[in-house]
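# Structural description and commentary
If you want the building blocks of each chain, they are given just below.
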Amino acid sequence: MIKLNSNLMIHQYFCLMIRYLKKQNFWFVFTPYFWLVLFFFIPLALIFKISISVSEWGMPPYRDLFSLSEDGFKIDSTLSNYLFIFSDPFYIRSYLNSLSLAFTSTILCLVIGYPIAFYVAKSQANIRIILLVLLIIPFWTSFLLRVYAWKVLLQGSGIINSILIHLGFITEPISMLHNHYAVILGVVYTYLPFMILPLYGYLVKFDLNLIDAANDLGAKPVNTFLKVILPLSLPGIIAGSMLVFIPVVGEFVIPEMLGGSDKLYFGKIIWDEFFVNRDWPVASALAMSGIVILVFPIVIFQLMYAKYNFKNE
Amino acid sequence: MQNTILRMNKLFFKIFTLTIGFSFLYFPILTLIAYSFNDNKRVMVWKGFSFRWYKELFQNEQILEAFYTSIKIASLSATFATIMGVMIGFSLTRISKIPARPFFIFLSSSPLVMPEIILGLSLLLFFISSNHIIGFPSSKGQLTVLISHITFSVAFVAVIIQSRLSSYDKNIEEAAQDLGTIPNMIFWKITAPVILPSIISGWLLAFTLSLDDLVVASFTTGPGANTLPIVVFSKVRLGLSPEVNALSAIIMLIVVLAAISIYFINRSHIKK
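Residues numbered from 1 in each chain as written. Chains lettered and ligands numbered in written order. Predicted model: local features only at pLDDT ≥ 70, side-chain atom pairs only at ≥ 80, totals over all residues. Heavy atoms only, no water.

Take the overall build of chain B next. Counting secondary structure elements, chain B contains eleven helices and zero strands. The helix and strand sequence of chain B, counted from the amino end, reads α-α-α-α-α-α-α-α-α-α-α. Taken against the 2.2 N^0.38 rule, which gives 19 Å for 272 residues, the C-alpha radius of gyration of chain B at 24 Å runs more than 25% over that of a compact globule. Taken along its principal axes, the extent of the C-alpha atoms in chain B is 80 × 75 × 30 Å. The burial tally for chain B puts 49% of its 272 residues in the buried class. When contacts within chain B are restricted to residue pairs at least 6 apart in sequence, long-range pairs at least 24 apart make up 69% of them. (Helix = DSSP H or I, 4+ residues; strand = E, 2+ residues; numbered from the N terminus. Rg over C-alpha atoms; globule rule 2.2 N^0.38 Å. Buried < 20%, exposed > 50% of the residue type's maximum accessible area, 1.4 Å probe, protein only. Contact = heavy atoms within 4.5 Å.)

A few words now on unusual backbone geometry. All names here are of chain A. Backbone geometry at His 178 places phi at a positive 60°, although glycine is not the residue there. As for its position among the elements, His 178 is in the loop between α7 (159-166) and α8 (180-203). Residue classification places His 178 among the partly exposed positions, given a relative accessible area of 45%.

Chain A puts 82 residues into the contact, and the matching count from chain B is 81 residues. When residues of chain A are sorted by the area they lose upon contact with chain B, Tyr 33, Trp 140 and Tyr 148 of chain A head the list and together hold 10% of the total. Viewed at the interface, chain B and chain A are joined by one salt bridge. The partner of Arg 237 of chain B in a salt bridge is Glu 256 of chain A, with the nearest N and O atoms 2.8 Å apart. Our count for the contact surface shared by chain A and chain B stands at ten residue pairs in polar contact (both at pLDDT 80 or more). Broken down by element, the residue count for the side of chain A that touches chain B peaks at 19 residues, all from helix α2 (residues 26-51) of chain A. Looking at the side of chain A that touches chain B, its residues break down into 64 nonpolar, 13 polar and five charged. (Buried area = accessible area lost by both parts, 1.4 Å probe. Salt bridge = Lys/Arg side-chain N within 4 Å of Asp/Glu carboxyl O. Polar contact = N/O pair within 3.5 Å; in protein donor to acceptor, adjacent residues only side chain to side chain. Nonpolar A, V, L, I, M, F, W, Y, C, P; charged D, E, K, R; others polar.)

Dropping the structure here:
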């Protein structure tokens, strides 16, 4: 009796589910999520699996994690790839280099981008639109070509060296390429529009009368900025910083084009481990550690920030 | 008097900041364009004005083919990503009873924080093993690049659509419903026109993301699917290439024309 009852309940529940899904247009709702699970989460799970597999010669160059042989079911897993990475300061330094590059360039973008965004947002409407178009053009121009432009400029025979020699500051061309300063310059240059545009978006909504009000009430300009303008543009600062920080952490192209061997970055290390050394398990372990070291802090920060916003509202 | 000086100072500071800022943004690109007319194989040594590199660019089949491939992949990827982005935007803002909503938000936004190098690596390994297991995709090529580009673009489009949908007044839809409008009609007559600008900007963003991507494409590409960034990168990785200068000038021209036309469309829109 009880069995029948529970069967009936399951049946009823099932009917309800179907009705719910029909009403909500099942495929309309779930197709994109299926796509993301298939092409984003399963691949991530796969590199996790490979990262704990044993390296081996052959194709694919790792031993299967699970194997079914005459001896029975066997799990062949190892943490040696992770131990290898974390016992070698070379890899740890590349993570730290990437983090410090992302921090430095985000702060530089903010310091350079904030005044630009502020003055563009505070211009007269007709000038503002022209300036905005001028900001969007580099944003659309190919990222690779903008990095290449700096490679041309910083050459030994490049225009900057020529100007400096012409002005008499130096007599011999100095080598400005292939060091981590060139990388920072390239990153700041290419990601500056990503900082300016969200900042602009918040600053343009900002009521100018508030500045006047603060001035009338006797606030010093510094205090007006710190206590009125800055807090109100904080969401823009966070959004812009995220748009710079996240891609720079895994940046491969800019260090490859402008950088040298003085500092190696995470993106380059993975690339070489995969394409040059062909060591899939170590490359996968590097990627997994990269997610934990470089990506989790960002996610945690965003969750905390969302909570903070929620509380303040 | 003091006030005037203060205001002059402020104006000077503003013009100074904007000039420096925009020069920094434009100086490198403009130099690149100027040197594209240089009749010398050594990019930075000026020899004379010529269109030589433009001619060579238009005879370089490798670049032309890559350009065509890139445009094809970018427009397909942008279209699919926009369709799915709209679906995500709708399911997250319009279905209040969607079970486990935070989980779906997590699903749809995690590609935003994933470094492209990790994404590229994981997709490549995924394609290789799915080829081993079910024989699909049969080889790496345009299809695998397309799938990868759709995957990372969807999240960006979804964010744009979502912010538009959640900021506009849902009561309009409910009012239409109360007045007896059929759901399909509501979508086409009310919701679609409101989110159309976001759909267009989402499509454009996805298009640029795909056109600009080097890292993910390098991992997932195969024979016959070299995109433009891959070809350009192989040319400039170790040295300079005058043809790439000419290419940048052409791309700049296209972007400027697009920006100007958008500016005029906007202006006529505002006037109306």
